[in-house]
Amino acid sequence: MRKFLTPTRETWLHRANPAAKLGIILGLFLLTLFTHSLDFIVYQAIVIYLVLFLMSGHPPWKILILILPLLFVFVSSSITMVLFGKGDTLWWKWGIIRISEESFYRGIHIGFKSITFAAEGLLYVLTTSSVALFYALMQKVKLAPKYAYSFMASVRLLPMVWEEFQIRRNALQIRGVRHAQGMRGWVEQTKLYAVPLLSQSIRRAHRVAIAMESKAFHNSRRRTYYYSSVFTLYDLGLLILLAIALAAAYSLSHLYPLFGITDVRY
């Protein structure tokens, strides 16, 4: 999985400071959250996905694999509003299901919002390493080093837990361990996996805690860093790029409206 998420080429988005990038992406989240125009949110989704394909440094087939599940997100987030939302112009009714013009457009508006949030998150995750993010949070946002290094250690430990789970599963299969069906079998499986994995995780966490104490990871914020995190012109470039993308989406929503609905609120 780690190899799959490694970019094939590095774009200048990867060189932007993760803390600055996080602030810009959070601003983008807020703008998406308070967008009520259906045309603007559709074009917003298009331009963000365009930036994702062009600037993430990953080949298009990988991006397609990552965004395919978002079709389910689109349908699941919009279907409830489409089927049960309020509206005056009734299209179809059957029992408690009631589809109106207003509920339909509000439903697809929520769907486009969901996949736009997902695209913005993917853009950040695919262009930012976790180590660079925590170094930036320590140096620029003044996050306490003990928390940042704890997060970095836990991220490193997750693959080990998964490897231990696979070893445990293979060992049980070789021994021919069988379990009952239904709820009783689920409880037996939980006991077989949970106790060894938890005990190993507790031992490993204890060793990591002792190592961090010996390396003086305490409350003091005055320390040196192996990697320095600085603001550069790439941060400004990212801000300008996203501002141009949003301006283009806003202009297109007025020049070529797909639905002609400026506010979906009922």
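These numbers come from a predicted model, not from an experiment.

In this section: the domain arrangement of the protein chain. On domain assignment, one finds that the protein chain holds domain 1 (12-133 + 231-255) and domain 2 (143-215). The straight-line distance from the C-alpha centre of domain 1 to that of domain 2 is 35 Å.

Attention now moves to empty space enclosed by the protein. One pass over the full model with this rule turns up 1 cavity of 30 Å³ or more. Empty space within the largest cavity amounts to approximately 40 Å³. In this structure, the largest cavity is lined by Leu 13, Lys 21, Ile 25, Leu 123, Tyr 124, Thr 127 and Leu 238. Listing elements by their share of the lining of the largest cavity, those giving two or more residues are α1 (18-33) and α5 (101-126). When grouped by side-chain class, the residues that make up the lining of the largest cavity number 5 nonpolar, 1 polar and 1 charged.

All right, on to the packing of aromatic side chains then. All chains considered together, the criterion is met by 14 aromatic pairs. Aromatic side chains Trp 91 and Phe 104 sit 5.4 Å apart centroid to centroid with 45° between the ring planes, which places their arrangement in the tilted category. Residue Trp 91 is found in strand β1 (residues 90-94), and its partner Phe 104 is found in helix α5; the two are separated by 13 residues along the sequence. By relative accessible area, Phe 104 is classed as partly exposed at 29%. Between the aromatic rings of Tyr 135 and Tyr 225, the centroid separation amounts to 6.2 Å while the plane-to-plane angle is 75°, which identifies the pairing as edge-to-face. Within this pair, whereas Tyr 135 is found in helix α6 (residues 130-140), its partner Tyr 225 is found in the loop between α8 (182-214) and α9 (233-255), the two being separated by 90 residues in sequence. An aromatic cluster is built from Tyr 135, Tyr 149, Tyr 225, Tyr 226 and Tyr 227, whose rings are joined through pairwise contacts. In this arrangement the basic side chain of Lys 21 is found over the ring face of Tyr 124, its NZ or CZ atom lying 5.8 Å from the centre.

Turning our eyes to something else, we now look at the environment of Tyr 256. The topology assignment puts Tyr 256 in the segment after α9. Looking at Tyr 256, the relative accessible area reads 55%, which means it is exposed. When the C-alpha positions of Tyr 256 and Thr 224 are compared, they lie 54 Å apart, and in sequence the two are 32 residues distant.

The complete set of buried residues in α6 reads Leu 133, Phe 134, Tyr 135, Ala 136, Leu 137, Met 138 and Gln 139. Among the structural elements, α1, α5 and α7 (145-174) are those in contact with the buried residues of α6. Downstream of α6 by one or two residues, Lys 142 has phi in the positive range, about 60°.

What follows covers the UniProt feature "transmembrane region" (unreviewed entry) in the protein chain. Under the UniProt annotation, the feature "transmembrane region" (unreviewed entry) is placed at residues 12-34, 40-56, 63-84, 121-138 and 225-250. Its end C-alpha atoms 42 Å apart, residues 225-250 is made of 69% helix and 0% strand.

In this structure, the second largest pocket occupies an estimated 160 Å³ of space. Around the second largest pocket sit Ser 150, Ala 153, Ser 154, Leu 157, Leu 158, Val 161, Ser 201, Arg 204, Ala 205, Val 208, Ala 209 and Met 212, which together line it. Secondary structure elements with two or more residues in the lining of the second largest pocket: α7 and α8. When the residues that make up the lining of the second largest pocket are grouped by side-chain class, the tally is 8 nonpolar, 3 polar and 1 charged.

What counts, and where the lines are drawn
Residues numbered from 1 in each chain as written. Predicted model: local features only at pLDDT ≥ 70, side-chain atom pairs only at ≥ 80, totals over all residues. Heavy atoms only, no water. Domains from an automatic or database assignment. 1 Å grid on protein atoms, 1.4 Å probe; cavity = no way out; pocket = protein on both sides within 12 Å on 5 of 7 lines; lining within 4 Å. Points joined across faces, edges and corners; volume = space filled by probe spheres on them. Helix = DSSP H or I, 4+ residues; strand = E, 2+ residues; numbered from the N terminus. Nonpolar A, V, L, I, M, F, W, Y, C, P; charged D, E, K, R; others polar. Phe/Tyr/Trp six-rings, centres within 6.5 Å; stacked < 30°, edge-to-face > 60°. Buried < 20%, exposed > 50% of the residue type's maximum accessible area, 1.4 Å probe, protein only. Lys NZ or Arg CZ within 6 Å of the ring centre and 35° of its normal. Contact = heavy atoms within 4.5 Å. UniProt positions renumbered as here; feature names shortened; annotations may be inferred.

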